[in-house]
Amino acid sequence: MGDLVIGARSGAGEPEGPGGRVSRSAESSAPSAAVEDAAAQTADEHGTGADGPAEPPPPGSGPAEESEDPAKPRKQRSFLKELPILVGIALILALVIKTFFVQAFSIPSESMQNTLQVGDRVLVDKLTPWFGAEPERGDVVVFHDPGGWLNDEPTQQSSNSFVRGVQDVLSFVGLMPSANEKDLIKRVIAVGGDTVECKDDGPVKVNGVALNEPYIYAGNTPCGTQPFGPIKVPNGRIWVMGDHRADSLDSRFHMDQPGGGSVPVDNVIGRAFVVAWPVSHWSTLPVPDTFDQKGLAAALPVAPPVAGAVGAVVLLPLVRRVRARTERRKES
């Protein structure tokens with residue numbers, strides 16, 4: 001803190017005479033009184049009085065302490081201390097995204113060629129099923145084994161324990177496909193209530209409408225080696241087929257199991273919407289135009305016309321009565 005200047009009475013000490021102070025004339029004493037009054041006023045402004053100096057101002061109130069020293073740097077937290085926090089936040093976010101939004105899956109076989117190649121990484125939308133959306137015709141979906149489809153398929157695990165541990169952690173948070181889960185990826189051809197069939201060399205028909213399938217692997221026929229149908233898909237289930245019809249053990253090869261080869265909608269994890277890796281294979285997975293044909297879903301909206309016809313029959317007598325009353329009033 002700076003030096004505190006305390007106001008004092010002006011003039012030097014006055015010598016004492018034998019009988020007291022040296023006497024002054026009236027003329028010389030007037031200016032001295034004026035100076036003393038000015039000095040007293042200055043002392044009051046600085047917090048001092050005649051009785052002595054006042055208490056010094058509290059710490060921090062002086063001009064030198066009103067602002068911090070700009071040259072003094074603020075202490076920052078070490079990056080090594082912040083790194084575990086950042087990693088923890090990243091893992092939590094990745095786990096939330098995997099659980100509710102998007103999950104990565106690896107393509108292990110050739111059953112979806114040429115749409116998907118072995119080793120491709122696809123991103124699967126897991127959000128829309130939370131809002132009640134169900135798979136639609138033409139969607140490429142990932143689903144859990146409904147039972148007996150992958151009994152002979154070995155799990156893709158590394159023999160190195162450290163690599164397995166890293167893979168388990170990354171798959172847990174959704175940054176890497178799991179080697180333990182037995183999931184499949186196929187294309188939805190028909191949904192609950194549809195009738196699907198494929199005879200000889202095709203084409204595949206849904207509700208009697210033939211599908212034009214340009215996504216089928218070159219050289220394959222629509223039925224592959226397994227013609228089928230007509231089969232009505234139970235409600236709450238889907239009929240799936242691989243794009244590589246000659247190399248896909250899909251619904252056609254499990255018709256002897258419960259559901260007649262169809263897959264429960266509850267087993268569907270989500271819809272694959274993009275090939276994310278490798279970069280050279282990057283592409284989206286839209287629904288082919290053939291599934292937008294008119295009449296493809298003609299078998300589904302039967303109830304509204306029937307209900308309308310029944311309603312018209314029920315209301316017909318009431319309409320006749322109203323007309324009869326109107327004519328009577330006109331005659332009267």
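Provided above is the structure to which this section pertains.
Residues numbered from 1 in each chain as written. Predicted model: local features only at pLDDT ≥ 70, side-chain atom pairs only at ≥ 80, totals over all residues. Heavy atoms only, no water.

Draft legend 1. Quick look at the state of the cysteines. Within the structure shown, the criterion is met by 1 disulfide. Across the disulfide from Cys 198 sits Cys 223; the S-S distance is 1.8 Å. Measuring handedness by torsion sign, the sulfur bridge of Cys 198 and Cys 223 sits at about -100° and is left-handed. Of the two residues, Cys 198 sits in strand β7 (residues 195-198) while Cys 223 sits in the loop between β9 (209-210) and β10 (228-232), which places them 25 residues apart along the sequence. Cys 223 carries the same exposure label as Cys 198, and that label is buried. (Disulfide = S-S within 2.5 Å. Helix = DSSP H or I, 4+ residues; strand = E, 2+ residues; numbered from the N terminus. Buried < 20%, exposed > 50% of the residue type's maximum accessible area, 1.4 Å probe, protein only.)

Draft legend 2. A look at the pattern of salt bridges. Taken as a whole and assessed by the stated rule, the structure comprises 5 salt bridges. In this structure, Asp 243 engages Arg 187 in a salt bridge whose closest nitrogen and oxygen atoms are separated by 2.9 Å. Pair noted here: Asp 243 is in the loop between β11 (237-241) and β12 (263-264) and Arg 187 is in strand β6 (residues 183-191), with a separation of 56 residues, a long-range link. Looking at Asp 243, the relative accessible area reads 0%, which means it is buried. Here Asp 250 makes a salt bridge to Arg 252, at a shortest N to O gap of 2.8 Å. This pair shows no difference in class: Asp 250 is buried, exactly as Arg 252 is. (Salt bridge = Lys/Arg side-chain N within 4 Å of Asp/Glu carboxyl O.)

Draft legend 3. Just the nonpolar core, in detail. The biggest cluster of nonpolar side chains holds 18 residues, and the ones touching the most others in it are Ile 189, Val 196, Val 204, Val 206, Leu 211, Phe 228 and Trp 239. Among the elements of the structure, β6, β7, β8 (204-206), β10 and β11 are those that each provide at least two residues to this core. With 13 residues, the next largest nonpolar core counts Ile 269, Ala 272, Val 275 and Leu 285 among its residues. (Core = buried A, V, L, I, M, F, W, Y, C linked by side-chain atoms within 4.5 Å.)

Draft legend 4. Representation of the environment of His 244 within the structure. Its place among the elements puts His 244 in the loop between β11 and β12. In the structure, His 244 is positioned 133 residues away from Ser 111 in sequence and 5.0 Å away in space, judged by C-alpha atoms. Apart from residues lying up to four places away in sequence, His 244 is in contact with Glu 110, Ser 111, Met 112, Gln 113, Tyr 217 and Asn 220. (Contact = heavy atoms within 4.5 Å.)

Any functional reading would require information that these geometric values do not contain.
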